[in-house]
Amino acid sequence: MIRSPIRAALVAATVIASAPLALAQATTSAGEAALADGTPIKGDAVYKAFNEKAGIDRLTDDFVHRITTDPRIAARFQGANLTRLTFELKAQFCYLLNGPCTYAGKDMKTAHQGMGLRNRDFNALAEDMQKSMDAEHVPFWAQNQLMAKLAPMQHAVVTK
Ligand code: HEM
C-alpha cells in the first residue's frame with residue numbers, strides 16, 4: 001500500500017525509467033512529448049476530490065506561492081513570468097485531473113530546457129505540491145493519482 005504521494009511518485013518514476021519505450025507504446029502514439037506531459041486521469045472522482053475547477057485554481061495559487069518562496073528553489077523563479085506560469089499550471093493540472101480544460105502551454109522538456117534542474121529541485125517542488133494538496137484537503141488517494149501523473153515528467157524537467 002502506497003501511503004505518501006512522494007512514494008507514489010518515486011514508484012511511478014522508477015517504473016517509467018525501467019521501461020520507457022514499452023510505456024510510450026502502451027499509453028500514447030503521439031511520441032515522447034505526449035509521454036512527458038501525461039494523459040488525463042480517467043473518470044471524475046479525482047477531479048471532484050480536488051474540489052473541481054475552483055479547488056484546482058486555489059491549489060495552484062497556493063502552490064505558486066509556495067514554490068516561489070521555498071528557499072530551496074525560489075531562486076529558480078527569479079525573473080519568471082509568474083502570471084503565465086500560474087495560468088499554464090492551472091490549465092495543466094485541470095487537464096490532468098480530467099477537468100474541462102486543455103493545456104496549450106509548452107511541453108515539459110521545452111519549458112525547462114536550459115534551466116539545469118536537478119532531482120533535488122524536482123523533489124522540493126513535489127513536496128510543495130503535497131503541502132498545497134493538504135491545504136486544499138485533497139484526500140491521500142487522490143493526491144497519489146496526481147503525483148503519479150507528475151512523476152514521469154521528472155525525466156523531461158531534470159537535466160542535470
Ligand atoms: C512535474 C514537475 C513540473 C511541472 C508539471 C511543471 C510545469 C510547468 C509549466 C506548465 C510551465 C509553463 C510552460 C509554459 O510557459 O508554456 C513551467 C515553466 C517553468 N517551470 Fe516548471 N514544472 C515542473 C517542474 C519544475 C521545477 C522542479 C522547477 C524549478 C525548481 C520549475 C521551474 C519552472 C520555471 C522557472 C518556469 C518558467 C516560468 C516562465 O515562464 O518564466 N519547474 N513549468
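All of these numbers come straight from a predicted model, not from anything done at the bench.

### Here we look at the site of the ligand
Ala-80, Asn-81, Arg-84, Lys-106 and His-112 are the nearest of the 24 residues found near the ligand. In this structure, an oxygen atom belonging to the ligand sits 2.5 Å away from a side-chain N or O atom of Arg-84. The backbone of Lys-106 places a nitrogen or oxygen atom 2.8 Å from an oxygen atom of the ligand. The dominant element in the shell around the ligand, judged by the number of residues it contributes, is helix α6 (residues 82-96), at 5 residues. Here the shell around the ligand is composed, by residue class, of 15 nonpolar, 4 polar and 5 charged.

### A few points about the coordination of the iron atom of the ligand
Among protein atoms, the single one acting as a donor to the iron atom of the ligand is His-112 (NE2), 2.0 Å away. Along the polypeptide, His-112 turns up in helix α7 (residues 108-112).

### Some remarks on the confidence of the model for the chain
The predicted model of the chain averages 85 in pLDDT, with 78% of residues at 70 or higher. Confidence drops under a pLDDT of 50 for residues 10-35, and excluding neighbours within four residues, the segment shows 19 contacts in the predicted structure.

### Thoughts on the nonpolar core
In this structure, Phe-50, Leu-97, Met-129, Met-133, Leu-146 and Leu-150 are the most contacted members of the largest nonpolar core, which totals 34 residues. Listing elements by their share of this core, those giving two or more residues are α4 (45-49), α5 (52-69), α6, α8 (119-135), α9 (140-150) and α10 (154-157). Residue contacts for Leu-97: discarding those within four places in its chain leaves Ile-41, Val-46, Tyr-47, Phe-50, Ile-56 and Leu-146.

### Notes on α5
Taking 1.5 Å of rise per residue, 18 residues should cover 26 Å, and α5 covers 26 Å from first to last C-alpha, within 8% of that figure. Within α5 the residues assigned to the buried category are Gly-55, Ile-56, Leu-59, Thr-60, Phe-63, Val-64 and Ile-67. Looking down the long axis of α5, one finds its buried residues gathered within 165° of arc, a one-sided arrangement. On its buried face, α5 is in contact with α4, α6 and α8.

Criteria and thresholds
Residues numbered from 1 in each chain as written. Predicted model: local features only at pLDDT ≥ 70, side-chain atom pairs only at ≥ 80, totals over all residues. Heavy atoms only, no water. Near = heavy atom within 4 Å. Polar contact = N/O pair within 3.5 Å; in protein donor to acceptor, adjacent residues only side chain to side chain. Helix = DSSP H or I, 4+ residues; strand = E, 2+ residues; numbered from the N terminus. Nonpolar A, V, L, I, M, F, W, Y, C, P; charged D, E, K, R; others polar. Donors = N, O, S within 2.8 Å, 3.2 Å for Na, K, Ca; no water. pLDDT = per-residue confidence, 0-100. Contact = heavy atoms within 4.5 Å. Core = buried A, V, L, I, M, F, W, Y, C linked by side-chain atoms within 4.5 Å. Buried < 20%, exposed > 50% of the residue type's maximum accessible area, 1.4 Å probe, protein only. Expected span 1.5 Å × (residues − 1). Arc of directions from axis to C-beta.

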